[in-house]
Amino acid sequence: MSDKRNYYGLLGVQKSASKEEIKKAFHKLAHKFHPDKKEGDAEKFKEVSEAYSVLSDDKRRAEYDSYGRVFGGGGQGGPGGFGGFQGGAGGFDFSQFQDAFSRGGFDMGDIFSDIFGGGAGAARQPRGRDISIDLEISFREAVFGVKRRVLLAKTSMCDSCQGSGAVLGTEMITCTHCNGAGKVHETSNSFFGTITMVAPCKHCRGEGKIPKERCGTCRGEGIYKKQSEIEIAVPAGIDGGEMIRLTGMGEAVSGGTAGDLYVKVHVAQDPRFKKDGPNLLTELSVKLSDALLGMSYKIETLDGPEQIDIPAGITHGEMLQVKGKGVPVAGRGKRGDLYVKIKINLPHKLSRTARNLIEKLREEGI
């Protein structure tokens, strides 16, 4: 293919197109021109593939934008990728590609990851379903942390056979479905044609052998549904709405890994306290005379009663700090503080004596 070929024009994109736009354009044209399709065009497919192999590589695209060509070995298409689809040591033989595609035994990596679903022979280990539950705790439990035990009905590993599906000590025999290979070939039809993929045998879970005598508890599955008691450790200082993830505590699956358990924590409100990061907030109502002259008050903390001194002349809304009576700070071995907001109670009605005294205070300029 000539170096003067307009790669952007072949893909139908602007020169300023992003990598994602170039990738989408290539996939669309690859679907259209693939030679295994009824109305495919092998030559067009080679052209758009070469264009993509250059424009998807930052270095080669920069060379092409600057000089109208790509330097380096591997033919005019550049090293790697499709190499212009010519034969020889530095290129790519398209007939080999067609042969490999017809057998389903290829791995085209990132270029065809979206088209072929990430490779024909890739086998993924099964994973159990995740579970989500809600847990309500008190305000105090949220501050100091708590351990809770919950009972869940979920698919779990069989206790009798430890997930093997076999009676303990029984003989293992060759699986008749895969003839001991542990894998089977699965054929499916797509718009590209017939694709054959290799998958783990479901009967022996990819091991090639099955027990001669299956476990009676789980009927050879290695898993079954049962009631499971799970301990949840709620950390100190958690906020309402936060999630706790317990890895492997979700539903089990035969021959794979268990899912996760997600616990959404709901914290009950407390009429006395509010949480502000590592600190706690509360309010204290004091009499006008105590605010003017000062007084000692007893307040409630999460650790029990605490004495606090109200300094003379304190103002309404002023905050007093009680150190070390807040939320435990993880990893620091210390706690936040308790802040007490002062509310001065003003009398709605005054006795004659009180009014006279207030009048004297007014005369004093107070």
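The coordinates are above.
Scoring rules and cut-offs
- Residues numbered from 1 in each chain as written.
- Predicted model: local features only at pLDDT ≥ 70, side-chain atom pairs only at ≥ 80, totals over all residues.
- Heavy atoms only, no water.
- Axes fitted to C-alpha atoms, helices over the stretch in contact; angles between N-to-C directions.
- Helix = DSSP H or I, 4+ residues; strand = E, 2+ residues; numbered from the N terminus.
- Parallel < 35°, antiparallel > 145°, perpendicular 65-115°, else oblique.
- Contact = heavy atoms within 4.5 Å.
- Nonpolar A, V, L, I, M, F, W, Y, C, P; charged D, E, K, R; others polar.
- Core = buried A, V, L, I, M, F, W, Y, C linked by side-chain atoms within 4.5 Å.
- Buried < 20%, exposed > 50% of the residue type's maximum accessible area, 1.4 Å probe, protein only.
- Phe/Tyr/Trp six-rings, centres within 6.5 Å; stacked < 30°, edge-to-face > 60°.
- Salt bridge = Lys/Arg side-chain N within 4 Å of Asp/Glu carboxyl O.

Draft legend 1. View of the packing of helix H3 (residues 42–55) against helix H4 (residues 58–67). Contact geometry of H3 with H4 gives a least axis separation of 6 Å together with a crossing angle of 105°. By the angle class used here, H3 and H4 are roughly perpendicular. From H3, Ser53, Val54 and Leu55 reach across to H4, where they touch Arg60, Arg61 and Tyr64. For the contact of H3 with H4, a count of residues per class yields 3 nonpolar, 1 polar and 2 charged.

Draft legend 2. Fine view of the nonpolar core. Of all hydrophobic cores here, the largest spans 20 residues; its most connected members are Leu284, Val286, Ile308, Ile310, Val340 and Ile342. For this core, the elements supplying multiple residues, two or more each, are helix H7 (139–144), strand E11 (279–287), strand E12 (295–301), strand E13 (304–310), strand E14 (319–322) and strand E17 (338–345). With 4 residues, the single largest contributor to this core is E17. Apart from residues lying up to four places away in sequence, Ile342 is in contact with Leu284, Val286, Ile310, Ile314, Thr315, His316, Gly317, Glu318 and Leu320.

Draft legend 3. Examining the environment of Ile131 more closely. Note on placement: Ile131 falls in strand E1 (residues 131–137). Considering only alpha carbons, one finds Ile131 and Arg245, 114 residues apart in sequence, at a separation of 9.9 Å. When sequence neighbours within four positions are dropped, the list of residues in contact with Ile131 reads Lys154, Gly250, Glu251, Asp260, Leu261 and Tyr262.

Draft legend 4. Summary view of the packing of aromatic side chains. For the coordinates displayed, the defined rule picks out 3 aromatic pairs. On the basis of an interplanar angle of 45° and a centroid distance of 6.0 Å, the ring pair of Tyr8 and Tyr64 is categorised as tilted. Here Tyr64 lies in helix H4 and Tyr8 lies in helix H1 (residues 7–11), a separation of 56 residues in the sequence. Under the relative-accessibility criterion, Tyr8 is labelled buried at 6%. Classification of Tyr64 by relative accessible area gives buried; the value is 9%. An aromatic cluster is present here, built from Tyr7, Tyr8 and Tyr64 joined pairwise through their rings.

Draft legend 5. Representation of the pattern of salt bridges within the structure. Summed over the entire model, instances satisfying the criterion amount to 17 salt bridges. Asp159 is paired through a salt bridge with Lys226; the nearest N and O atoms lie 2.4 Å apart. In this pair, Asp159 is assigned in the loop between strand E2 (146–157) and strand E3 (172–174) and Lys226 in strand E7 (residues 223–234), connecting sequence segments 67 residues apart. When the shortest N-O distance is used, the salt bridge between Glu283 and Lys343 registers 3.8 Å. One end of the pair, Glu283, is in strand E11; the other, Lys343, is in strand E17, with 60 residues separating them in the sequence.

These values are about where atoms sit, not about what they do.
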